Amino acid sequence: MTTHTGAAFNELPMSLWEAELRFSGLRDFSCWVEADEYDSFEAGVVAGVTSEHPDGCHFLLPRLAEELHAAPLIDARSDSGASLRAVVPWATPPVLREILRTATAHLLEAH
C-alpha cells in the first residue's frame, strides 16, 4: 500500500481556471464595476444589479450574492486569493459589500 503524504485536495490553493469558474458571476459583473459609462461606481452597480430585472433576477442575483459572500473569505495572502484577484482585481471587501448591499436591497424592495 502506498502512503500519500501530500496536501489534501481541500488544502490546495485555487488555480486561475478554478477562480474563473468559481467566481464567474463576479467576473461577468466586472463590466458594471469597471465601465466608464456611469457617473459613479454606485450608478454602475445599480445598473448591473437591475440589468436582468424582472425575469433574470431569480437566476442572476442569488448566484452573485453567494459569490459576494464567499470572495472575502479567501485569504488575500494565499495563492487562492491571488487567483481571485487575477480574475476580479476590483473585488476588495468594501466593493463586494456595496454590491451585496445593492443586490440585497433590490431583492427585498422589488421582489
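Preceding block: the structure.
Note that this is a predicted model, so its numbers are computed, not measured.

Rules and cut-offs
Residues numbered from 1 in each chain as written. Predicted model: local features only at pLDDT ≥ 70, side-chain atom pairs only at ≥ 80, totals over all residues. Heavy atoms only, no water. Helix = DSSP H or I, 4+ residues; strand = E, 2+ residues; numbered from the N terminus. 1 Å grid on protein atoms, 1.4 Å probe; cavity = no way out; pocket = protein on both sides within 12 Å on 5 of 7 lines; lining within 4 Å. Points joined across faces, edges and corners; volume = space filled by probe spheres on them. Nonpolar A, V, L, I, M, F, W, Y, C, P; charged D, E, K, R; others polar. Core = buried A, V, L, I, M, F, W, Y, C linked by side-chain atoms within 4.5 Å. Buried < 20%, exposed > 50% of the residue type's maximum accessible area, 1.4 Å probe, protein only. Contact = heavy atoms within 4.5 Å.

A. Structural detail: unusual backbone geometry. Between His53 and Pro54 the backbone carries a cis peptide bond, its omega angle lying at 0°. Mapped onto the fold, Pro54 is located in the loop between helix H3 (41-50) and helix H4 (57-70).

B. Region of interest: the layout of surface pockets. In this structure, the largest pocket spans a volume of roughly 180 Å³. Of all the secondary structure elements, the ones that give two or more residues to the lining of the largest pocket are helix H5 (79-87) and helix H6 (93-110). With 3 residues, H5 is the single largest residue contributor to the lining of the largest pocket. Looking at the lining of the largest pocket residue by residue, the class counts come to 9 nonpolar, 2 polar and 1 charged.

C. Region of interest: the nonpolar core. Residues Phe23, Leu26, Trp90 and Ile99 are the most contacted members of the largest nonpolar core, which totals 27 residues. Those elements that provide at least two residues to this core are helix H2 (24-34), H3, H4, H5 and H6. Looking at this core element by element, the count peaks at 7 residues for H4. Discounting residues that sit within four places of it in the chain, Leu26 has contacts with Leu64, Glu67, Leu68, Ala71, Val88, Trp90 and Leu96.

D. Local environment of the environment of Ile74. By secondary structure assignment, the location of Ile74 is in the loop between H4 and H5. The spacing of Ile74 and Arg85 is 11 residues in sequence and 10 Å in space, taken between C-alpha atoms. Here Ile74 is in contact with Met14, Phe23, Ser80, Gly81 and Leu84, once residues within four sequence places are set aside.

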